[in-house]
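A structural walkthrough
Letter by letter, the chains look like this.
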Amino acid sequence: MKNPLLILVSTIMIACSTSAFAQFDKYNARVSMQCLGDAGIIQVSLEGDVLIIDNGDGMPLSGKVGSETVVKNGKREQYIMDVAGLFEYFVDFEEKVMVSNVMGMKSDNQCY
């Protein structure tokens with residue numbers, strides 16, 4: 001028969017360590033990268049299921065993954081954001097690259 005005190009202490013230690021790791025979940029669910037664009041730095045992030053592209057003009061673009069605006073490439077961390085059919089952004093968090101397509105004119109942006 002196991003010692004009840006040992007079982008209690010073990011249970012408390014596991015519960016405390018689990019809750020300590022849970023504090024980091026809200027940050028681990030966010031992926032972001034900085035991209036070099038023509039007008040400066042572009043911040044690209046995925047927070048939960050929302051893709052956000054912010055070029056610093058005060059009007060960031062955002063869309064929910066799985067909607068008509070943002071499509072995900074299967075299990076890969078690649079997304080296409082379509083803004084009213086005029087602007088399209090390909091975002092690849094795996095290869096750290098973003099391609100802007102503005103009315104047919106494409107621009108590759110290296111990210112880090």
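Provided above is the structure to which this section pertains.
Thresholds applied
Residues numbered from 1 in each chain as written. Predicted model: local features only at pLDDT ≥ 70, side-chain atom pairs only at ≥ 80, totals over all residues. Heavy atoms only, no water. Helix = DSSP H or I, 4+ residues; strand = E, 2+ residues; numbered from the N terminus. Buried < 20%, exposed > 50% of the residue type's maximum accessible area, 1.4 Å probe, protein only. Polar contact = N/O pair within 3.5 Å; in protein donor to acceptor, adjacent residues only side chain to side chain. Contact = heavy atoms within 4.5 Å. Salt bridge = Lys/Arg side-chain N within 4 Å of Asp/Glu carboxyl O.

Regarding the side chain of Ser 100
By the element assignment, Ser 100 lies in strand S8 (residues 97-102). By relative accessible area, which is 9% here, Ser 100 ends up buried. In this structure the side chain of Ser 100 is engaged in a polar contact, spanning 3.1 Å, whose partner is the side chain of Asn 109. Beyond its immediate stretch of four places on either side in the chain, Ser 100 contacts Glu 88, Tyr 89, Met 105, Lys 106, Ser 107 and Asn 109.

Some remarks on the pattern of salt bridges
Enumeration according to the criterion identifies three salt bridges in this entry. The residue Glu 77 makes a salt bridge to Lys 72 at a minimum N-O spacing of 3.6 Å. A salt bridge links Arg 76 to Glu 94; the shortest N-O distance between them is 2.7 Å. Here Glu 94 lies in the loop between strand S7 (87-92) and S8 and Arg 76 lies in the loop between strand S5 (70-72) and strand S6 (78-83), a separation of 18 residues in the sequence.

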